[in-house]
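What follows is the residue order along each chain.
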Amino acid sequence: IPLITSRFYNLKVNSYGHNATGAIIWTLRYLFYYIAGFGLIFIVFNVIKSKRDFFISFAVLIASSFPVILVGLYQKYFNAGFGNVSFWVNAGRVNSTFTDPNALGSYIILLFPLFIAAAIFFKKWYFKILTLAYLLVFVYLAFLSGSRNAFLSILLSLSIFAIIGVSIFLRYFLKKKIKKPNSSAYLSAGIVVLIIIILISAFIGLLLGTDVFKPMTESRETGIMLVDRVYKTVGVYYKTLKTEGFYKAIEAISSGREILWQQALFMFRDHPVSGVGQGAYFIELSDYHLKYHRGFHLIDFAGNYYLQILSELGFVGTVLVLFIFFLFIKKAFGYFLVRNSRSALKREDWLLAGIVISFAVMAAVFMLGPHTNFIEVQFLFCLVLGLIIAYINASSRESLNHDFRNEISEMKTVKVQEAKTDWKVPLKPGSFKEKISSISGQRYLNTASLKQMRFDLASLIALVFILVSFTAALTYSSVTDLSINYKQAQYSYENDYGFYGEEFEEGKSFRWTAKDASVVLSRTKSNRLIIPMKIVSPVDYRIPNFIRIYIDNTLVKIIKAKDDKWHDIEIDLKNFPKKRITVTISMNHSWVPKEYGISSDTRELGVKVGTLRYEE
């Protein structure tokens, strides 16, 4: 609309009734979330320079849970409505200091692995006990939130730590029994861990096939929100699995998510390159319900982070997000593999492990919801990402400094005279100066490589091509099937504006328009639309009056004012076969009768338009 009219009109943008202002604010808000979140990663990366800075940040992150726990307990036992809305109060779920209980659940997802890592990190037994006690209270908060995703993430985190523990035990066992374990021994250990995972999965599968969960099909209330929700979910899943099969069971416990997932896939199918636009899934959802699932009225997020990215940013955006996640995983695993190969892993590396597990678990639970749509969760998630890189960089700097000092200490036998040699003289291979220069240069390169990303010509061309393709695809969609004019004709909602009330002139009915006017018409079999029109203006403009007529968003005719008589403007509609079309009339000038002393009429007037009609 702004591209074909001279002013902004707060029109409806979907069948649900959202208006243009709300849609713009919504989109800009989530754009800010993404920009601010990734900006935080770079801030953390550049501010945290040492392990000491990292330890302080880690401690602050853990300590942040204390007021969260206090507020959550206060809501539970003293004032359920404190900082909470009636919907969640009636549901018996607490949100603590977060937007809602699900956002609190996302906070628990990210922090739970950090508590375990901290408990492993501490050497003193009383610190371990204190941390574990604190952890139990934190887990109780998860029960109060009623978040099933938080419950699932706790199990997943514990499983990962258990697998790591088994791996460490096997490695210790191999070293104890075999003086120099070879690759075959490590491979065997890996196979053992894999078999354990498969056996656990098979055991769970067997349980689902038995009647062990049958009691959960009976309705029971324990008073603990999370227990009741999990109990009900497992019961519904088991009952549906037995009667209708696996896929129906998933639908039964998805709380409508399966339809939201399907709508995201439909959006991607319709706009594979660019998606429907960043933050626009929520805005487009009601129209897709009309198109594919009439009668389903849930307006929510996609229920899956990756599907929401796929629907909003298309193939290009999804690949970019997955690539960023891959880089973080690659960086973290590379660090652990190199340190492990050198037997250089330290106790504090458990803190990094906790943060990496926090990221990995959240990345897995993203399959069940776009949790970073909460601004507080987005910031916390990006903080975790930033801390991963910050720790690895700080550790690399520390290692480089250590290696540098060791190399210099080994050169104490070098002649003092050589050390006093003019640095401008070419360095002799193997000399003291040459070695220091080599070590310093390597140190610089290793640290600089962590901060710089360079593109060769081919990569730069590919990046430009991707950006141009994405922009072109989104622009095309914005003026075609994602535009207001197209959608209101397709989904039967109307944005008629700019037409004043009916008047009569010499027995002929007409309506004045404002400077811009628009109306939705139903099509007939005729391809000839007649628009009676008369331009009346007391103003003698240097640039004469022009009228532009659009069908949907396509300019079909430009009319120059020549006289003040009625003219039938004929529009050919053979290229517009849809059942409904949007006709927009836009003028380059308008006038107000009162300003020229003609009458007391304060309306802004454009052109007189008679009754629109079709002719064979």
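No experiment lies behind these values; they were computed from the predicted model shown.

Caption draft 1: Structural detail: the overall build of the protein. Of regular secondary structure, the protein possesses 19 helices and nine strands. Relative to all contacts within the protein whose residues are 6 or more apart in sequence, the contacts with residues 24 or more apart total 71%. Carbon and sulfur atoms make up 65% of the accessible area of the protein, which totals about 33,700 Å².

Caption draft 2: Inspection of a nonpolar patch on the surface at higher detail. Nonpolar side chains collect at one region of the surface, where F8, I24, L28, L31 and I35 lie side by side and expose about 480 Å² of accessible area between them. Assignment of secondary structure puts F8 in the segment before helix 1 (20–47). Overall, F8 belongs to the partly exposed group, its relative accessible area being 49%.

Caption draft 3: Layout of the packing of helix 2 (residues 51–63) against helix 3 (residues 65–77). Where helix 2 contacts helix 3, the axes come no closer than 5 Å and their chain directions differ by 0°. Classified by the angle their axes make, helix 2 and helix 3 are roughly parallel. Within the contact between the two elements, helix 2 uses L61, I62 and A63 and helix 3 uses S65, F66 and P67.

Caption draft 4: Summary view of the pairing of strand 1 (residues 497–505). Of the strand pairs in this sheet, strand 1 and strand 2 (residues 508–522) are connected by six bridges, and their pairing is antiparallel. Looking at the pairing, E502 lines up with R511 of strand 2. Once strand 1 ends, the chain turns through two residues before running back antiparallel as strand 2, passing E506 with a positive phi of about 55°.

Caption draft 5: Representation of the packing of aromatic side chains within the structure. Counted under the stated rule, the structure contains 42 aromatic pairs. Seen from their ring centres, F115 and Y134 are 5.2 Å apart, and the 75° between their planes marks the pair as edge-to-face. A residue pair is termed long-range when its members are at least 10 positions apart, and F115 in helix 5 (residues 101–121) and Y134 in helix 6 (residues 125–145) qualify at 19 residues. In this structure F115 comes out as buried when scored by relative accessible area, which is 1%. Using a relative accessible area of 23% as the deciding quantity, one classes Y134 as partly exposed.

Caption draft 6: Inspection of empty space enclosed by the protein at higher detail. Within the structure shown, the criterion is met by two cavities of 30 Å³ or more. Its volume calculated, the largest cavity comes out at about 60 Å³. What lines the largest cavity is Y34, F38, Y305, F325, T372, Q378, F381, C382 and L385. At the level of elements, helix 1, helix 13 (305–341) and helix 15 (375–409) are the ones that each hand at least two residues to the lining of the largest cavity. It is helix 15 that contributes the most residues to the lining of the largest cavity, four residues altogether. Counted as a void, the second largest cavity has a volume near 50 Å³. Contributing to the lining of the second largest cavity are W26, Y30, Y34, Q278, G279, F282, F301, Q308, E312 and N373. Among the elements of the structure, helix 1 and helix 13 are those that each provide at least two residues to the lining of the second largest cavity. A per-element tally of the lining of the second largest cavity places helix 1 first, with three residues.

Caption draft 7: Unusual backbone geometry, seen in detail. Despite not being glycine, S492 shows a phi value in the positive range, around 65°. Along the polypeptide, S492 turns up in the loop between helix 19 (484–490) and strand 1. In this structure, E506 takes a positive phi of about 55° despite not being glycine. With respect to the helices and strands, the residue E506 is situated in the loop between strand 1 and strand 2.

Caption draft 8: Region of the structure containing the environment of I160. You can see I160 is positioned in helix 7 (residues 148–177). Take I160: its relative accessible area is 24%, and that puts it in the partly exposed class. In the structure, I160 is positioned 200 residues away from A360 in sequence and 9.8 Å away in space, judged by C-alpha atoms. Ignoring any residue separated from it by four or fewer positions in sequence, one finds I160 in contact with I357 and V361.

Caption draft 9: Broad picture of helix 12 (residues 281–292). Among the twelve residues that make up helix 12, nine are buried, leaving the element largely enclosed by the rest of the structure. Looking at the packing, one finds that the buried side of helix 12 touches helix 1, helix 11 (257–270), helix 13 and helix 19.

Caption draft 10: Summary view of the pattern of salt bridges. Enumeration over the complete set of coordinates arrives at 15 salt bridges. In this structure, R613 and D568 form a salt bridge, with 3.0 Å as the shortest nitrogen-oxygen distance. Pair noted here: R613 is in strand 9 (residues 613–615) and D568 is in strand 6 (residues 567–572), with a separation of 45 residues, a long-range link. Overall, the relative accessible area of 30% leaves R613 in the partly exposed class. Among the charged side chains, a network of salt bridges with common partners joins R528, D568, E570, R613 and E615.

Caption draft 11: Main features of the confidence of the model for the protein. Per-residue confidence for the protein averages 82 on the pLDDT scale, and 80% of its residues sit at or above 70. Of all secondary-structure elements in the protein, the lowest mean pLDDT belongs to helix 17 (residues 432–449), at 44, while strand 8 (residues 608–609) reaches the highest, 94. This stretch, residues 415–429, has a pLDDT under 50; its non-local contacts, to residues over four places away or in other chains, come to twelve contacts. Counted against residues more than four places away or in other chains, residues 431–453, with its pLDDT under 50, gives 34 contacts.

Thresholds, definitions, all that
Residues numbered from 1 in each chain as written. Predicted model: local features only at pLDDT ≥ 70, side-chain atom pairs only at ≥ 80, totals over all residues. Heavy atoms only, no water. Helix = DSSP H or I, 4+ residues; strand = E, 2+ residues; numbered from the N terminus. Contact = heavy atoms within 4.5 Å. Areas by Shrake-Rupley, 256 points an atom, 1.4 Å probe, with all protein chains shown as cover. Patch = residues over 30% accessible without salt bridge, like charges linked within 9 Å, V, L, I, M, F, W, Y side chains within 5 Å. Salt bridge = Lys/Arg side-chain N within 4 Å of Asp/Glu carboxyl O. Buried < 20%, exposed > 50% of the residue type's maximum accessible area, 1.4 Å probe, protein only. Axes fitted to C-alpha atoms, helices over the stretch in contact; angles between N-to-C directions. Parallel < 35°, antiparallel > 145°, perpendicular 65-115°, else oblique. Pairing = 2+ DSSP bridges. Phe/Tyr/Trp six-rings, centres within 6.5 Å; stacked < 30°, edge-to-face > 60°. 1 Å grid on protein atoms, 1.4 Å probe; cavity = no way out; pocket = protein on both sides within 12 Å on 5 of 7 lines; lining within 4 Å. Points joined across faces, edges and corners; volume = space filled by probe spheres on them. pLDDT = per-residue confidence, 0-100.

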